[in-house]
Amino acid sequence: MNWYVLHTATIPEEKLLAWLRSYHDDAEGYIYESYFTLTYEDLWRCQHRSHMEEKPLFPGYIFLISNDPEELYKKLKALPPFVRLRTEPEDGRNYFYHMTEEDAEFIYSLIESNEDGDYCVHRSFCIREGTKITKAYGALETHMQNIVNADYKRRRVIIEQNLFQQRRTIKLCLYDENDCRIEGISTPMNYKGNVVQV
């Protein structure tokens, strides 16, 4: 499976997604299997309750799984905004980049527990002892060692990850047993602690 990332600083994501959607419909998807943008659940606290908003995780980035990347690259370069499209993320503007296996595995790890078609990085359930997370479920589960900053009051952590040939910081949001009780939501099915069922 070949994963690619398309980054553009010159055209809104919505317009590009509309073009990909129409081309996919017309060409029966022969040059790519799927495409998506990643969002994440951003969280803020007010009066001891969590409030969420879905935001782009990587603004300006579209991920594609392609059967024929050379043809897709040619089609993209035929569009006016992509005349100068590059195949390496050197200039930081417009590029179509073949993701490394490590890049693809990282992106997949953020959404692998989601249902098909759900490309949102949902907040992770965590267990803490003092100021240390001892166990996490969800997107954070395999990336706890990459935490560089934590704000438990605001229910968020920052992780660092090498991605698309750069060291990047990524915000992931959290919830715990107290949030489950207050918000009336369930703990993860594989959580072995004091299970909260709604």
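Refer to the preceding data block for the structure.
Remember, it's a predicted structure, so these values are computed and weren't measured experimentally.

Asker: Could you give an account of the sheet that holds strand β9 (residues 132–137), naming the residues involved and the relevant values?
Answerer: The 5 strands are arranged β9-β8-β12-β11-β10 in an open sheet whose pairing can be described as mixed. Only two strands of the sheet have a single neighbouring strand rather than two, namely β9 and β10 (147–151). Sheet twist, expressed as the average angle between the axes of neighbouring strands with direction ignored, equals 40°. Relative to strand β11 (residues 156–163), β10 runs antiparallel, the two being bridged by 4 bridges. Paired with N149 across the two strands is I158, which belongs to β11.

Asker: Any details on the nonpolar core? Residues and values, ideally.
Answerer: F58, F63, I107 and F164 are the most contacted members of the largest nonpolar core, which has 32 residues in total. Those elements giving two or more residues to this core turn out to be β1 (3–7), β5 (61–65), β6 (95–98), α3 (101–111), β9, β11 and β12 (166–175). Ranked by the residues each element gives to this core, the list is headed by α3, at 5 residues. Each residue touching F63, except ones within four places of it in the same chain, is listed here: Y4, V5, S34, Y35, F36, L38, F58, M99, I107 and F164. Ranked by size, the runner-up nonpolar core spans 14 residues in total, among them L6, Y35, I62 and L76.

Asker: Tell me what's going on with the pairing of β5, and back it up with residues and numbers.
Answerer: Two faces make up the sheet, and in a regular strand the side chains alternate between them. Most of β5 is tucked away: 5 of the 5 residues are buried. Pairing of β1 with β5, which is carried by 5 bridges, proceeds in the antiparallel orientation. Along β5, the bridge assignment pairs V5 with F63. Inspection of the sheet shows strand β2 (residues 34–36) paired to β5 by 3 bridges, in the antiparallel sense. Residue pairing for β5: F36 is matched across the bridge by F63.

Conventions we followed
Along each chain, residues carry numbers from 1 onward, in the same order as the chain's sequence is written. Reporting of local features is limited, given that this is a predicted model, to residues whose pLDDT is at least 70; pairs of side-chain atoms are given and counted only at 80 or more, and all residues count toward the totals for whole chains, interfaces and linings. With hydrogens and water stripped out, all remaining heavy atoms of the structure feed into the side-chain values. Strands qualify as paired when DSSP identifies two bridges or more between them. Labels follow the DSSP assignment, with helices taken as runs of H or I lasting at least four residues and strands as runs of E lasting at least two, numbered in each case from the N terminus. Working convention: axes come from line fits to C-alpha atoms, limited for helices to the stretch in contact. Angles between N-to-C directions cover 0 to 180 degrees. In this text, buried Ala, Val, Leu, Ile, Met, Phe, Trp, Tyr and Cys residues form a nonpolar core when linked through side-chain atoms within 4.5 Å. To sort residues, take the accessible area from a 1.4 Å probe on protein chains only and compare it with the maximum for the residue type: under 20% means buried, over 50% means exposed, and anything in between is partly exposed. Any two residues having at least one pair of non-hydrogen atoms within 4.5 Å are treated as being in contact.

What is shown is where atoms sit, not what they do.
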